[in-house]
Structure formats: structure tokens, C-alpha cells
Amino acid sequence: MATNVSQLKRTRIDLADDVKRRMIELLNTHVVHLTDLWNQTKLAHWNVRGPHFLSYHEMLDTLAAHLVEAIDDVAERATALGGVAGLPIQDLAAQTKLPKWDLSVTKDVEVLKALADRWAVVANEARKFIEESEEHDSDTADLFTEVSRQLDQDLWFLEAHIEH
Ligand SMILES: [Fe+2]
């Protein structure tokens, strides 16, 4: 888990400190994986090749843009709760549980399959974090729900391009 919660700042939000710490931990863990997924989606966007290049290239950029929005919303919930949001890229690389992107894979269907596999890890993490947060902090749970819904929809877009 990504943790940088020792420096909990005072806020006027009346949740207990241990709840805030736990939510910040979940939020920062998700920031790590969303950021890694964003990077991998851009690698796919830049390097994908095939007869339908342009449609894949453009779809992948739309998906990457959704991740940028999600990263910002999730990180800022961590700061709103008094935490420190995010990590330097060097620390983030050590914390991510996504497989490393293979730059030698450029064939369209293989690229989209590799991305769908990683997308599912992050989408399923969001769903797990809804469950973990809803009992303690309905606003954080609501944010994870919003992120989860978009991740699931974009996973469908990836899957629809590779499977009948
Ligand atoms: Fe681009």
C-alpha cells in the first residue's frame, strides 16, 4: 500500500483521524495505480500499430484523458482529508503492482489485450475500495464509485475492440 500518512494535517472535516488515515492510504494507493495505468495507456497510444491505427490511437488518448481526471480527483480527496497526495515517480514505480509495459508489443489486438488486463486490475481495485470505504466515509466511497464506473466503461471499450 502507498503510504505517506504520518503527516496528517488538521482539517475541519469531522471524521476520526484513523478513518482519515485509512482513506488517505486507499486514495494514495489508487493514485499509484491510476498513474501507472495512465503512463501505460500513453505508451499504447504512441506505439500501437495496425490497419485501424487511427481509431485505436484516438480511443487510447480519450481513455488516458479520463485517467488524468480520475488521478486529480482521487489525489485531491487525500489532501482534503489532511493527507499528502501522490508520490514522486521513483517511489511510485516501486509501489505499483501493475505488470511492466512491454514496448516490443505493438500489434493492435495484443496491445489492447495487455492494456485491458491492466485496466481490470485498477477497475477491480476501485470496486474493492468502495467496499472498504463506504462504512466509514461515504464521500470517499462515492468518489471511488464514480471512478469505478468510468474505469468499467472504458474497460468495456477495450474489450469490445478485441473480443466478439
Ligand atoms: Fe497523442
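Remember, it's a predicted structure, so these values are computed and weren't measured experimentally. (Residues numbered from 1 in each chain as written. Predicted model: local features only at pLDDT ≥ 70, side-chain atom pairs only at ≥ 80, totals over all residues. Heavy atoms only, no water.)

### Side note on the overall build of the protein
In terms of helices and strands, the protein carries five helices and zero strands. Listing each helix as α and each strand as β along the protein from the N terminus yields α-α-α-α-α. Relative to its length of 164 residues, the protein is compact, with a C-alpha radius of gyration of 17 Å against a globular reference of 15 Å. Taking the principal axes of its C-alpha atoms as reference, the protein extends roughly 55 × 30 × 20 Å. Classification of the 164 residues of the protein by burial places 46% in the buried group. In the protein, once contacts between residues fewer than 6 apart in sequence are set aside, the share between residues at least 24 apart is 79%. Accessible surface computed for the protein: about 8,800 Å², of which carbon and sulfur atoms make up 51%. (Helix = DSSP H or I, 4+ residues; strand = E, 2+ residues; numbered from the N terminus. Rg over C-alpha atoms; globule rule 2.2 N^0.38 Å. Buried < 20%, exposed > 50% of the residue type's maximum accessible area, 1.4 Å probe, protein only. Contact = heavy atoms within 4.5 Å. Areas by Shrake-Rupley, 256 points an atom, 1.4 Å probe, with all protein chains shown as cover.)

### Structural notes on the packing of helix H2 (residues 53-80) against helix H4 (residues 108-134)
One can describe the packing of H2 onto H4 by two numbers: an axis separation of 12 Å at closest approach and a directional angle of 15°. Classified by the angle their axes make, H2 and H4 are roughly parallel. Seen from above, H2 lies across H4 with left-handed handedness. On the side of H2, the interface is formed by Tyr56, Met59, Leu60, Leu63 and Leu67, while H4 contributes Asp108, Leu112, Leu115 and Trp119. When grouped by side-chain class, the residues that make up the contact of H2 with H4 number eight nonpolar, no polar and one charged. (Axes fitted to C-alpha atoms, helices over the stretch in contact; angles between N-to-C directions. Parallel < 35°, antiparallel > 145°, perpendicular 65-115°, else oblique. Left-handed = near helix turned anticlockwise from the far one by under 90°. Nonpolar A, V, L, I, M, F, W, Y, C, P; charged D, E, K, R; others polar.)

### Things to note about the pattern of salt bridges
Counted by the stated rule, this structure contains six salt bridges. Linked by salt bridges that have partners in common, Arg22, Glu25 and Glu132 make up one network. (Salt bridge = Lys/Arg side-chain N within 4 Å of Asp/Glu carboxyl O.)

### Remarks on the nonpolar core
With 44 residues, the main nonpolar core has Leu27, Leu34, Leu37, Leu115, Trp119, Leu151 and Leu158 as its most contacted residues. Considering every element that reaches this core, the biggest residue donor is H4, with eleven residues. Leu158 has contacts with Met59, Leu60, Leu63, Leu112, Leu115, Ala116 and Trp119, leaving out every residue within four places of it along the chain. (Core = buried A, V, L, I, M, F, W, Y, C linked by side-chain atoms within 4.5 Å.)

### Some points on the side chain of Glu125
Assignment of secondary structure puts Glu125 in helix H4. A distance of 3.0 Å separates a polar atom in the side chain of Glu125 from a polar atom in the side chain of His33. Those residues in contact with Glu125 that lie beyond four places of it in its chain are Thr29, His30, His33 and Lys97. (Polar contact = N/O pair within 3.5 Å; in protein donor to acceptor, adjacent residues only side chain to side chain.)

### Some points on a negative patch on the surface
On the surface, Glu69, Asp72, Asp73, Glu76, Asp139, Asp142 and Glu146 cluster together to form a negatively charged patch. Among the elements of the structure, H2 and helix H5 (138-162) are those that each provide at least two residues to the negative patch. Tallying contributions element by element places H2 first for the negative patch, with four residues. As for its placement among the helices and strands, Glu146 is situated in helix H5. (Patch = residues over 30% accessible without salt bridge, like charges linked within 9 Å, V, L, I, M, F, W, Y side chains within 5 Å. Lys, Arg positive; Asp, Glu negative; His and termini not counted. Charge placed at Lys NZ, Arg CZ, Asp CG, Glu CD.)

### What to know about the UniProt feature "domain: Ferritin/DPS" (unreviewed entry) in the protein
UniProt records the feature "domain: Ferritin/DPS" (unreviewed entry) at residues 24-163, using the numbering of this structure. End-to-end, the C-alpha atoms of residues 24-163 are 37 Å apart, and along that stretch the chain is 79% helix and 0% strand. (UniProt positions renumbered as here; feature names shortened; annotations may be inferred.)

### Topic: helix H1 (residues 17-47)
Given a rise of 1.5 Å per residue, 31 residues ought to cover 45 Å, and the 45 Å separating the end C-alpha atoms of H1 matches this to within 8%. H1 sits mainly inside the fold: 23 of its 31 residues count as buried. (Expected span 1.5 Å × (residues − 1).)

### Details of the environment of Val109
On the secondary structure map, Val109 appears in helix H4. Here Val109 falls in the partly exposed class, since its relative accessible area comes to 26%. Once the C-alpha coordinates of Val109 and Arg21 are considered, the two residues, 88 residues apart in sequence, prove to be 41 Å apart.

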